[in-house]
Number of protein chains: 2
Amino acid sequence: MGGQPGFRMTPQRQAVLDAVRDAPEHLTADEVYARVRAELPRISLGTVYRSLEELVHRGLIGRVQGGGAQRRYDRSTDVHCHARCLACGRVDDTDVEGVDLRKLVASRVPGYRVVGCGIELVGYCPRCVKAGHAEPRG
Amino acid sequence: MGGQPGFRMTPQRQAVLDAVRDAPEHLTADEVYARVRAELPRISLGTVYRSLEELVHRGLIGRVQGGGAQRRYDRSTDVHCHARCLACGRVDDTDVEGVDLRKLVASRVPGYRVVGCGIELVGYCPRCVKAGHAEPRG
DNA sequence: CTAGCTGCAAAGTGTTTGCGGCTTA
DNA sequence: TAAGCCGCAAACACTTTGCAGCTAG
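Numbering of residues starts from 1 in each chain and follows the order in which that chain's sequence is written. A letter from A marks each chain and a number from 1 marks each ligand, given out in the order of writing. Under the rules for a predicted model, residues below a pLDDT of 70 receive no local features and side-chain atom pairs below 80 are neither given nor counted, while totals for whole chains, interfaces and linings still include all residues. Excluding hydrogens and water, the side-chain values take into account all heavy atoms of the structure.

Observations regarding the protein's contact with DNA strand D
Consideration 1: In the vicinity of DNA strand D, 19 residues are found, and the nearest of them are Y49(A), T10(B), R13(B), I43(B) and T47(B).
Consideration 2: Whether a residue is near a molecule or strand depends on its heavy atoms: if one lies within 4 Å, it is near. Here DNA strand D approaches the protein such that, of its atoms within 4 Å, sugar and phosphate make up 72%.
Consideration 3: Two N or O atoms count as a polar contact when they lie within 3.5 Å, although within protein this holds only if one can serve as hydrogen donor and the other as acceptor, and sequence-adjacent residues are included solely when both atoms are side-chain atoms. Between G6(B) and DNA strand D, the recorded distance is 3.4 Å, taken from a backbone N or O atom to a phosphate oxygen.
Consideration 4: Within the backbone of S44(B), one N or O atom sits 3.4 Å away from a phosphate oxygen of DNA strand D.
Consideration 5: For the surface near DNA strand D, the elements supplying multiple residues, two or more each, are α3 (45–57) of chain A together with α1 (11–22) and α3 (45–57) of chain B. Secondary structure elements are defined from DSSP: runs of H or I of at least 4 residues count as helices, runs of E of at least 2 residues count as strands, and each element is numbered from the N terminus.

Below, the structure is given as C-alpha cells:
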C-alpha cells in the first residue's frame, strides 16, 4: 500500500478520488470538479483533469469506454457493462445476461493484441423516460 | 427506396456516403473530408459533418459507439463488434465468439429503455504491434 | 534543496452553427 | 419562387499544456 516513488496523494487528488468513488453513476470531469469544489473551492479544472488521468494511470479508478461525447470516470477498474442514456448522457453500471465477460476480454481479433473490452447498452434512463425525453436530443 | 421529402442526395452527400462505404475501416470526419476532397476540392469540413449526421439520421450509415476521442462512421448499420487500436485510434469490425448479439440488443436494464448496444475490444492493431507501438500513447 | 504539485490562463482539438448566396424541384 | 443546401468563418465544448510559485520529503 506504500504507493509508488514520486507520487503524492495530495488533498486535491484524494478529493477527486473520493468524488469518483462516492458517486453512484459515472462522472465527467466537470461533475467531479463541481463536487470537489465544495471541499476545495480553489481547485482548478486543470488539476481535476490531471488528477483523474493520474489516478487512472495508477489503477485507482477506471475510465469509461463508452461513446458519449465526454469522458467519464469509474470507481471500478474491473470489466463490467455500462448503460448510457442518449438523452442526458448519464452512465450506469449494469449486468448483461448470457455474456461471459472473462471470455470476452480473452477474445482474439486477428492480428490485434487485445488488452480490454467494453460493452455498452444505449437507451434512455429511468428519469428521462419518465420525463418524456425518450427521443434523441430533443 | 424513393427517399424522403425534402432530402436531396447532392454530389457532396453522395461523395461522403461513398467514402464511408468504400473504407475498409471506420473513418473520422477528418478522414472522410480528406478522401472527399480528392473528388470535390471545394467541399467544406462543415458540410462533411452535416452530411455525416444527415446520413446517420436517414439510416444510410452508422455511427461507431466506441470510446475514442473522435467520432467514427460505419458503412454498416447492423449491430456488430469493433476492435479499436489504442495507439493509432483505428477501428475495425470484428467478431466475438460466444456472444449472441441479438440477445445482447434485447438486454434489459432496470428502468431503462434500451435501443442499441456496442461491444468494443481495445488493444493494438497489427500495424502498430509490428511497429512496436504497442504501448499506450508513447 | 528539489522533485512534484497547484492555480491560472492560453492553446488545442474536434464539432456545431449563423449567414449570405446558390441550386434545384 | 421557395425549400434546401453549400462554403466560409466564427463560435463552442471539452481537454491539454506552459509557467511561475508553493510544498512536502
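Brief notes about the interface of chain A and chain B
Consideration 1: In this assembly, 38 residues from chain A lie in contact with 38 residues from chain B.
Consideration 2: By definition, the buried area sums, over both parts, the 1.4 Å-probe accessible area that each loses when the two are put together. Considering only the side of chain A, the residues that lose the most area to chain B are Y112(A), R113(A) and L121(A), jointly responsible for 22% of the buried surface there.
Consideration 3: Between the two partners, chain A and chain B, sit 12 residue pairs in polar contact (both at pLDDT 80 or more).
Consideration 4: The set of elements that each furnish at least two residues to the side of chain A that touches chain B consists of β4 (81–85), β5 (91–94), β6 (113–124) and α5 (126–130) of chain A.
Consideration 5: The element that contributes the greatest number of residues to the side of chain A that touches chain B is β6(A), accounting for 12 residues.
Consideration 6: Any residue outside Ala, Val, Leu, Ile, Met, Phe, Trp, Tyr, Cys, Pro, Asp, Glu, Lys and Arg is labelled polar, Gly included; the first ten of those are nonpolar and the last four are charged. For the side of chain A that touches chain B, a count of residues per class yields 20 nonpolar, 10 polar and eight charged.
Consideration 7: Only when DSSP finds a minimum of two bridges between them are two strands counted as paired. Note: β6(A) against strand β6 (residues 113–124) of chain B, 11 bridges, orientation antiparallel. Residue contacts are defined here by distance: any two heavy atoms, one from each residue, within 4.5 Å place the two residues in contact.

What about the pairing of strand β4 (residues 81–85) of chain B?
All names here are of chain B.
Consideration 1: Between buried and exposed lies partly exposed: a residue is buried under 20% and exposed over 50% of the maximum accessible area for its type, with that area taken using a 1.4 Å probe on protein chains only. For β4, a buried count of five out of five residues is recorded, marking the element as mostly surrounded by other parts of the structure.
Consideration 2: Because side chains alternate across β4, one face comprises the buried residues C81, A83 and C85, and the other comprises H82 and R84, equally buried.
Consideration 3: Sheet topology note: the β4/strand β5 (residues 91–94) ladder contains four bridges and is antiparallel. Residue A83 lies in a different strand from β5, and its bridge partner there is D92.
Consideration 4: From the end of β4 to the start of β5, which pair antiparallel, there are five residues, and G89 there has a positive phi angle of about 85 degrees.
Consideration 5: The pairing of β4 with β6 spans five bridges and is parallel. Note on β6: the bridge partner recorded for C81 is I119.

Brief notes about α3(A)
Residues and elements named next belong to chain A.
Consideration 1: The span you would expect from a helix comes to 1.5 Å times its residue count less one. Between the first and last C-alpha of α3 there are 18 Å, a value that for 13 residues agrees with the 18 Å anticipated at 1.5 Å per step.
Consideration 2: Listing the buried residues of α3 in full gives V48, S51, L52 and L55. Along the axis of α3, the buried residues cluster in a sector spanning 100 degrees; they form a single face. Facing away from the buried side of α3 by over 90 degrees, the exposed positions are R50 and H57.
Consideration 3: Where the residues of α3 are buried, they touch α1 (11–22), α2 (29–39) and β3 (72–74).
Consideration 4: G59 lies just past α3 and shows a positive phi near 80 degrees. Summarising the geometry, the arc corresponds to the directions from the helix axis toward the C-beta atoms.

Quick word on the sheet that holds strand β2 (residues 62–63) of chain A
All names here are of chain A.
Consideration 1: One open sheet holds the three strands; their spatial order is β1-β3-β2, and the pairing between them is antiparallel. Here the strands that pair on one side only, and so sit at the sheet edges, are β1 (27–28) and β2.
Consideration 2: Pairing geometry for β1 and β3, over two bridges, is antiparallel. Counterpart to L27 in the pairing with β3 is Y73.

With respect to the pattern of salt bridges
All names here are of chain B.
Consideration 1: Just to be clear on terms, a salt bridge is a Lys or Arg side-chain nitrogen sitting within 4 Å of an Asp or Glu carboxyl oxygen. Evaluation of the coordinates by the stated rule reveals 15 salt bridges over all chains.
Consideration 2: A salt bridge links R75 to D93, with the nearest nitrogen and oxygen atoms 3.7 Å apart. Of this pair, R75 sits in the loop between β3 (72–74) and β4 while D93 sits in strand β5, and the two are 18 residues apart along the sequence.
Consideration 3: Note that E120 and R84 form a salt bridge whose closest N and O atoms lie 3.2 Å from each other. Taken together, the residues span a long stretch of sequence, with E120 in strand β6 and R84 in strand β4 at a distance of 36 residues.

Overview of the environment of E25(B)
Residues and elements named next belong to chain B.
Consideration 1: Position of E25 relative to the elements: it lies in the loop between α1 and β1 (27–28).
Consideration 2: Overall, E25 belongs to the buried group, its relative accessible area being 13%.
Consideration 3: A sequence separation of 68 residues divides E25 from D93, and the C-alpha atoms of the two residues are 7.3 Å apart.
Consideration 4: The residues contacting E25, other than those within four sequence positions of it, are R35, R75, R90, V91 and D92.

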